[in-house]
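Fold and contact review
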Amino acid sequence: MSTTQSTHAIGTLKRLKILCISEIGWFDDATLMADVKAAGGMGVSQYQLSWPPLGDLHNDNAAGSSALIEAEGLDGKVHPILFDTGWNPAWMDRRFAEEGIDQRLQRGEIEALIISHEHFDHFWGIGSTLKHCPSLPVYIPEGFHDEGLEFIKQAGHTGPVVTVHPDQPIELFPGCAVAHFRMNTLLRVQGENVLYFNLADKGLAMVTGCGHGGVVNLLEYGQATFGKPIHAVYGGLHISPFGEWDAEHEKIIERLEDFHIARLGCNHCTGVKAVQHMMAVGLPVVRGTARHGSKTDLYLGNGDVLEV
Ligand SMILES: [Fe+2]
Ligand SMILES: [Fe+2]
């Protein structure tokens, strides 16, 4: 009885289609690291870097993370939402045009923009989204800085900004919830939104931006909060973003096996080494096609689709 009372009913969906618009945060790690070092290191605010969103400075190394999620309800109604909005406006404009996202925004087809967290590669490209649909509702995690809120305004936003708070998941539509995770990470970014979708007869699909809160924590939270097993995962899992590897990383892979996930669509900051270890133990990593700037076909890349 107590289990039933503590779980959160969010309705049910028929299926989910996730288009990876872009999963590359930036093109070259060494260039990014040099830029961060020049600004004072990973402990400074990202708004002190030499490519602030409110300035006119252009960064050729910038790309960005963004996905279009289309969730189909049991009634057949499809809910398209944008999850993150990338970084470099020129790159996002290009990817939006190549995937027809710009026109879908203009036609008012997209219901909301969910920002996973304030990191530059997920958020600073918001102008590329809002110029096509200024009234789009924007969901942000608690913990946004004043600079971030000001940036949304200066991008011409006229719609609502909804802050997601810890322990208070918001149901976006039946079968879909956005939940906030407390975290403090590099460049003074705090708080991350994670999406959970409840798929009929399958269980949960979890969608992350970077997964800074720890992928195992996020999976356990989903199971406990929504009372369903994890069926699928999409997004950045931040296990080995710069190729680092030790016994702790190994443990994460072991823990992932415990969830019996059916489709593992990880990319972005998950790290190639992490993906290789997942494959070695037989985890169901969904392969990609290494197109549109994505560097490997080991995982879902730009222009690839996950359907669950
Ligand atoms: Fe990221
Ligand atoms: Fe991040």
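Scroll up to find the structure this text is about.
Now for a look at the structure at hand. (Residues numbered from 1 in each chain as written. Chains lettered and ligands numbered in written order. Predicted model: local features only at pLDDT ≥ 70, side-chain atom pairs only at ≥ 80, totals over all residues.)

1. What to know about the overall build of the chain
Threshold: Helix and strand definitions follow DSSP, with helices as H or I runs of at least four residues and strands as E runs of at least two, each counted in order from the N terminus. The atom set for the radius of gyration is the C-alpha atoms, and the globule formula is 2.2 Å times the number of residues raised to the power 0.38. Any residue with 12 or fewer other C-beta atoms within 10 Å of its own C-beta is exposed, any with 20 or more is buried, and the rest are partly exposed; the C-beta atoms used are placed from the backbone. We call two residues in contact when their backbone-placed C-beta atoms lie within 7 Å.
Of regular secondary structure, the chain possesses 10 helices and 13 strands. Expected size for 308 residues packed as a compact globule is a radius of gyration near 19 Å; at 18 Å, the chain falls within 12% of this value. Within the chain, the proportion of its 308 residues that are buried is 47%. Expressed as a percentage of contacts within the chain between residues at least 6 apart in sequence, the contacts between residues at least 24 apart total 69%.

2. As for the nonpolar core
In plain terms, the rule: To define a nonpolar core, we join buried Ala, Val, Leu, Ile, Met, Phe, Trp, Tyr and Cys residues through C-beta atoms within 7 Å and take the resulting set.
With 81 residues, the main nonpolar core has Phe 197, Ala 205 and Met 206 as its most contacted residues. It is strand β1 (residues 13–22) that provides the largest number of residues to this core, a total of 6 residues.

3. A word on the pairing of strand β11 (residues 230–236)
Stated precisely, the cut-off is as follows: DSSP calls a pair of strands paired once it identifies at least 2 bridges connecting them. A right-handed crossover is one whose linking path, passing over the helix from the first strand to the second, runs clockwise when the strands point away from the viewer.
Here β11 lies mainly inside the structure; 7 of its 7 residues are buried. The pairing of strand β10 (residues 203–208) with β11 spans 5 bridges and is parallel. Residue pairing across strands places Leu 204 opposite Ile 230, the latter belonging to β11. A crossover links β10 with its parallel partner β11, the connecting element being helix α8 (residues 215–226), and its sense is right-handed. Note that β11 and strand β12 (residues 263–267) share 5 bridges and pair parallel. Each residue of the ladder has a partner; that of Gly 235, found in β12, is Cys 266. After leaving β11, the chain enters helix α9 (residues 247–257) and then returns to the sheet as β12, a path that is right-handed.

4. Topic: unusual backbone geometry
Here the phi dihedral of Arg 188 falls at roughly 60 degrees; this positive angle occurs in a residue that is not glycine. Assignment of secondary structure puts Arg 188 in the loop between β8 (176–185) and β9 (189–199). The partly exposed category is assigned to Arg 188, around which 16 C-beta atoms lie within 10 Å. Despite not being glycine, His 292 has its phi angle at roughly 50 degrees, a positive value. Along the chain, the position of His 292 falls in the loop between α10 (272–280) and β13 (305–307).

5. Here's the deal with α8
The line we're drawing: One less than the number of residues in a helix, times 1.5 Å, gives the span that helix is expected to have. This arc describes the spread of directions from the helix axis toward the C-beta atoms.
Here α8 spans 16 Å end to end across 12 residues, near enough to the 16 Å set by a 1.5 Å rise per residue. Considered for burial, the residues of α8 that qualify are Val 215, Leu 218, Leu 219, Gly 222 and Phe 226. Considered in projection along α8, the buried side chains sweep an arc of 100 degrees and stay on one side of the axis. Tucked into the core, α8 has its buried residues touching β8, β9, β10, β11 and α9. One or two steps after α8, the chain reaches Gly 227, where phi turns positive at roughly 65 degrees.

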